Every structure is written in C-alpha cells, then in structure tokens.
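Listed below, chain by chain, are the residues.
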Amino acid sequence: MRTIYGNWYEYPRYYDIAFGWDPDVEVGFVEDAFHKFGVGPIKRVYEPFCGTGRIAIALAERGYDLIGADIVPAALDFARQRAADHGAAVRWELADASAWSPNEPVDAVVTLIDSFRHLPPEAAKAAVANFAKSLRANGLLIVGVDVGDRPIEVTPEEHWTMERDGVVVQTAVFDLRKPGITPGTTVTRARMAIRERDGSELEIICDDEMARYTLDEFLRLTRGAGFEPLTICDRRYDLRRPIPLSGYAGDIVAVMRLGRAATFVA
Ligand SMILES: C[S@@+](CC[C@H](N)C(=O)[O-])C[C@H]1O[C@@H](n2cnc3c(N)ncnc32)[C@H](O)[C@@H]1O
C-alpha cells in the first residue's frame, strides 16, 4: 500500500467520503438554534473552515445566503464543484479564519466538527474577534469543539468506515503523545486507509497540532470577544438535551450570541 504523509484536507475526494454522512442532523440543529435563539431574521451565514462544503451547501439549499471560507484551495475547489452540481449559490473565499472576515455583516457564524482547534491560541483569539466583527448586533455564533480536562488527556481513538461509488475509506483519528509540543496543544493523527474501485490501496497520514481547551477556557476565550453562551449541547445535536456550562469534557456544540452593540466595521 502506498503511504502519503500530508494534509488530509488536500485530498478532498477522500476526505469528503470519510465525512460523507448525511448533514441533516447537524443542519437541522443549526436551523433549530436559529429559530430558538435568533434575534431578528437569520438570512446571511458565514461558515469559516468550510472544508468540502458539506454544511455550507446544505444550508444554502435550505434558503440561506452562504459565505464559505477555507484555507486549503483543493477543499474549496471541491466545494465549488459540489455547489455547482447541486445548483447551490455559495460565495467561496480562500481565507484564513484568523485573518479575514466577510465585508458585509452576517446574521450567524457556523463552524462544526472541531475545526476551531486547528488555530493555535493567539490565532484563535483573532478568529473569534473576526467572527464578532463579521456579525451584526445580536448575531449568533455556533461552534463545534472538543473540550478537555487539565492536565491534557489524550482522547480515545475514533474510527469509522464510509463508502461512496465503490471507494472505501477507513478513518482513524487519535491523539499522539509527542514530546516537546506546544503547551496547551495535542497532536492529532488522522489516518485514512483507502481502497479504490480498481482495488488499489492508499493510506494518507496527517498529523495536526491542535489547541486544547477546557470548557471554561473556551467560554473565556469567546466571552473575551463579546459572546455569551445561550446553550451547549453534545454531538447528539439535540437542543432539548443541553449539557452543563462548566466541567464537561468531550465534543460540544456551543450556541452563543454577540452580546454587545453592533461591532461590525465595514
Ligand atoms: C474538520 S475540517 C472542516 C469540516 C467542515 N467544517 C465540515 O463540517 O464538514 C477543517 C477545515 O479547516 C480548514 N482550516 C484549517 N485551518 C484553517 C484556517 N486557519 N483558516 C481557515 N480554514 C482552516 C481546513 O483546511 C479544513 O478544511
């Protein structure tokens, strides 16, 4: 089997199979949160870290005006093509979430499945400030993030198998204990083992240094940019089953509102 050590986001054809489950539950949660917590209508939505466009396109198909941004050109190309195939109108931007914000005010910023931890702490601060800058007054921020305890523990391995059009992708994600990494981070290894239609095999191994926050640290970070948590749920994506606002470890989805007066600066 051929092995590539690289950035798995640069292989969107395989990445998108690995994460190719129906986004309906996630998007349904986002829409329920818009209805329950939105102050005024929610129409324009910005998705930083949009990857292959799973969520942005599904939201566009539900009638929202979408701006999707990602730092990897190959992921955006994939998203652009998929949007065209679906007839979905999304504005795509090649942009670093810590350095860019849309130049028109949005009603909500949405980023799911733990993308936020790609940013080291200083960049994360800048990104949250950019989310606040891009939102209109009382706009919503919905963030999926895996929060942990101190001292930093390694998370249990997750693994799953997905298949599309005869291409099978087995994915494993786990934390590595590596000496000398930046305090407050873990190294997460993703391994995709791929079997193509013709039976050929390939594996892609990607190590990412990921920031690690306790729930309290994450809430402090977002409060610093003016966001107040409205509810926090786990990956069951069920607004009727909130989790406590403190002391939780695991995957969360936080729904927050920008608490200050308008911060949008054109
Ligand atoms: C877990 S994937 C995205 C998943 C996507 N949010 C979804 O729900 O399908 C994380 C994405 O973040 C992107 N990314 C990493 N660092 C970034 C940065 N500084 N700015 C923007 N995008 C970034 C990666 O290229 C990758 O596509």
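Above this text you will find the structure in question.
Residues numbered from 1 in each chain as written. Predicted model: local features only at pLDDT ≥ 70, side-chain atom pairs only at ≥ 80, totals over all residues.

S.K.: Where do I start with the overall build of the chain in this structure?
M.R.: Secondary structure assignment for the chain yields six helices and twelve strands. A compact globule built from 266 residues would reach a C-alpha radius of gyration of about 18 Å, and the chain, at 18 Å, matches this within 12%. With the C-alpha coordinates of the chain rotated into their principal frame, the extents come out at 55 × 45 × 35 Å. Within the span of the chain, comprising 266 residues, buried residues form 38% of the whole. Partitioning the contacts of the chain with sequence separation of at least 6, the portion at a separation of at least 24 is 72%. (Helix = DSSP H or I, 4+ residues; strand = E, 2+ residues; numbered from the N terminus. Rg over C-alpha atoms; globule rule 2.2 N^0.38 Å. Buried ≥ 20, exposed ≤ 12 C-beta atoms within 10 Å, placed from the backbone. Contact = placed C-beta atoms within 7 Å.)

S.K.: Even after reading the chapter, I still don't get the packing of helix H2 (residues 24-37) against helix H3 (residues 54-61), so can you show me in this structure?
M.R.: Helix packing geometry: the angle between the two helix axes and the distance between the axes. Interhelical geometry of H2 versus H3 gives an angle of 60° and a closest axis separation of 10 Å. In terms of orientation, H2 lies oblique with respect to H3. Where H2 crosses over H3, the handedness of that crossing is right-handed. Facing H2, whose interface residues are Glu26, Val27 and Val30, H3 presents Ile55, Ala58 and Leu59. Among the residues making up the contact of H2 with H3, the classes are represented as five nonpolar, no polar and one charged. (Axes fitted to C-alpha atoms, helices over the stretch in contact; angles between N-to-C directions. Parallel < 35°, antiparallel > 145°, perpendicular 65-115°, else oblique. Left-handed = near helix turned anticlockwise from the far one by under 90°. Nonpolar A, V, L, I, M, F, W, Y, C, P; charged D, E, K, R; others polar.)

S.K.: Help me understand the environment of Met1, please; the structure alone is not making it clear to me.
M.R.: Looking at the secondary structure, you find Met1 in the segment before strand S1 (2-5). Using a count of 9 C-beta atoms within 10 Å as the deciding quantity, one classes Met1 as exposed. Among all residues touching Met1, those that are not within four sequence positions of it are Glu201, Leu202 and Glu203.

S.K.: Honestly, the site of the ligand in this entry has me stumped. Any pointers?
M.R.: Surveying the vicinity of the ligand reveals 21 residues, the closest of which are Phe49, Gly51, Ile71, Val72 and Ser115. Grouping the constituent residues of the shell around the ligand by class yields 13 nonpolar, five polar and three charged. (Near = placed C-beta within 6 Å.)

S.K.: Could you clarify how one ought to interpret the packing of H3 against helix H4 (residues 73-86) in this entry?
M.R.: With their axes 10 Å apart at the nearest point, H3 and H4 run at an angle of 25° to one another. For the element pair H3 / H4, the angle class is roughly parallel. Considering the relative orientation of H3 and H4, their crossing is right-handed. Facing Ala56, Ile57 and Glu61 of H3, the residues of H4 in contact are Ala79, Arg82, Ala83 and His86. Taken together, the residues of the contact of H3 with H4 break down into four nonpolar, one polar and two charged.

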